[in-house]
Structure formats: C-alpha cells, structure tokens
Amino acid sequence: MYEQSESYLMRTSFNIPDAVVEEFDHVWQDEGLDNRSRAVREAMQEYIETHSRLEDLGEDVIALVAFDYRHHEVIGELHGVQHDYQDVILNTSHTHQGEWCLESLFCQGAGERVRELTYRLRDFDGVNRVKMMVIRDN
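Anyway, here's the lowdown on the structure attached to this text. (Residues numbered from 1 in each chain as written. Predicted model: local features only at pLDDT ≥ 70, side-chain atom pairs only at ≥ 80, totals over all residues. Heavy atoms only, no water.)

What follows covers the sheet that holds strand 4 (residues 127-137). Within the open sheet, the 4 strands sit side by side as 2-3-1-4. Their pairing is antiparallel. The open sheet is flanked by strand 2 (89-97) and strand 4, the only strands paired with a single partner. Averaged over all neighbouring strand pairs, the angle between strand axes comes to 15°, with direction disregarded. In this structure, strand 1 (residues 61-70) lies alongside strand 3 (residues 100-109), joined through 10 bridges in antiparallel fashion. Residue pairing in the sheet places R70 in a bridge with W100 of strand 3. Packed on one face of the sheet, helix 3 (residues 71-84) meets strand 1, strand 2, strand 3 and strand 4 and runs near 155° to strand 1. (Pairing = 2+ DSSP bridges. Helix = DSSP H or I, 4+ residues; strand = E, 2+ residues; numbered from the N terminus. Axes fitted to C-alpha atoms, helices over the stretch in contact; angles between N-to-C directions. Contact = heavy atoms within 4.5 Å.)

Written out as structure tokens, the structure is:
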C-alpha cells in the first residue's frame, strides 16, 4: 500500500461514460464519502489490491472466474480462449440476460494459468467485467 502525502497529489482526467459517472456518484454519496476524489482513490486502491492478489497466486488454486459479455461480438474468440485454458477450467456455466451473456468458469490448477486466463478475458472489448474469486490458494 502506498502512503498518501499532500505533495504527491496529482490532477488528472479520464474519459468515462456519463452513466457510469452518475452511478458512481450515487454510490459514493450513499456511502457518505466526502467527495468524488476520495471515492476514486479508494476504488484505485481496491484495484491495486485485487491486481496484487492475482500476481501472488500459488501453484494450486481453486477459483471462480465470472464475466459478462455481448454474445454476438466475442463468442468465437471466447470459446478459443476457453479451449486454450482447458487444463485449468473444470466446468462452465452460461446464462442469457437479454443481449448480455453471463458466464462462470470453475477453475483449478496453477495460479499463473488462472491469472493468465483472467487477463485474456479482460482483453476483449465485448467483455464488460471479469471478476475472479479465489476459493483456495495452496
């Protein structure tokens, strides 16, 4: 974790869809945070912590990788990725939610392979979110 210091604060800008910003603003305000900058800092810290956990996975993990995507945009490529990682994917579950598909991959194997799979899934523009939950890490 980094140490916050006033001398290291920087102004920056991001291109974020209005709907995402509006929803983000509602969430941080409902949580009682002081301002958007504080909420963004907390979100960035959480992202860093999550990424660090991915980098520290052990040799034998059990994990659930869940993601949502627009079926027609990426289904062929996603199937290819899943075939590339069949050494760690034990089973999959798929459901339709309107134009979006929800998929979960139950994985067991080398942490490095599960991490690579998670990163590969994030590479697709048609994939909205990818979340990994580590169930066991030996």
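Okay, back to it.
Right, let's get into the pattern of salt bridges. Under the definition given, this model contains 9 salt bridges. Here D84 makes a salt bridge to R120, at a shortest N to O gap of 3.4 Å. In this pair, D84 is assigned in helix 3 and R120 in helix 4 (residues 111-122), connecting sequence segments 36 residues apart. Owing to a relative accessible area of 44%, D84 belongs among the partly exposed residues under this scheme. When its relative accessible area of 30% is taken as the criterion, R120 is described as partly exposed. We note a salt bridge from R113 to E116, for which the minimum N-O separation is 3.3 Å. Of this pair, R113 and E116 are both found in helix 4, 3 residues apart, which corresponds to roughly one turn of the helix. Residue classification places E116 among the partly exposed positions, given a relative accessible area of 28%. (Salt bridge = Lys/Arg side-chain N within 4 Å of Asp/Glu carboxyl O. Buried < 20%, exposed > 50% of the residue type's maximum accessible area, 1.4 Å probe, protein only.)

Within the largest apolar cluster, 23 residues are counted, with the highest numbers of intra-cluster contacts made by F67, Y69, L78, L105, L117, L121 and V127. Mapped onto this core, the elements with two or more residues apiece are strand 1, helix 3, strand 3, helix 4 and strand 4. A total of 5 residues in this core trace back to one element, the largest contributor, which is strand 1. With residues up to four places along the chain from it excluded, the contact list for L121 reads V65, F67, L78, V81, L105, V127 and V130. (Core = buried A, V, L, I, M, F, W, Y, C linked by side-chain atoms within 4.5 Å.)

We now examine helix 3. The end-to-end C-alpha distance of helix 3, which contains 14 residues, comes to 19 Å, matching closely the 20 Å that a straight helix rising 1.5 Å per residue would cover. At E77, helix 3 shows its maximal bend, which comes to roughly 30°. In the core, the buried residues of helix 3 are packed alongside strand 1, strand 2, strand 3, helix 4 and strand 4. (Expected span 1.5 Å × (residues − 1). Bend = angle between axes of the 7 residues up to and from the residue.)

This next bit is on the state of the cysteines. Any covalent bond linking the sulfur atoms of two cysteines counts as a disulfide. The full count for this structure, using the stated rule, is 0 disulfides. Between C101, a cysteine without a disulfide, and C107, which holds the nearest cysteine sulfur, the sulfur-to-sulfur distance is 18 Å. What makes C107 buried here is its relative accessible area of 0%. (Disulfide = S-S within 2.5 Å.)

Our focus in this paragraph is the side chain of E103. Counting through the fold element by element, E103 comes out in strand 3. Buried and unpaired, E103 has no salt bridge, with R120 as the nearest side chain of opposite charge at 14 Å. One polar contact links E103 to Q82, side chain to side chain, over a distance of 3.1 Å. A polar atom in the side chain of E103 sits 2.8 Å from the side chain of H94. The residues touching E103, leaving out its near neighbours within four places in the chain, are V65, A66, F67, Y69, Q82, T92, S93 and H94. (Lys, Arg positive; Asp, Glu negative; His and termini not counted. Polar contact = N/O pair within 3.5 Å; in protein donor to acceptor, adjacent residues only side chain to side chain.)

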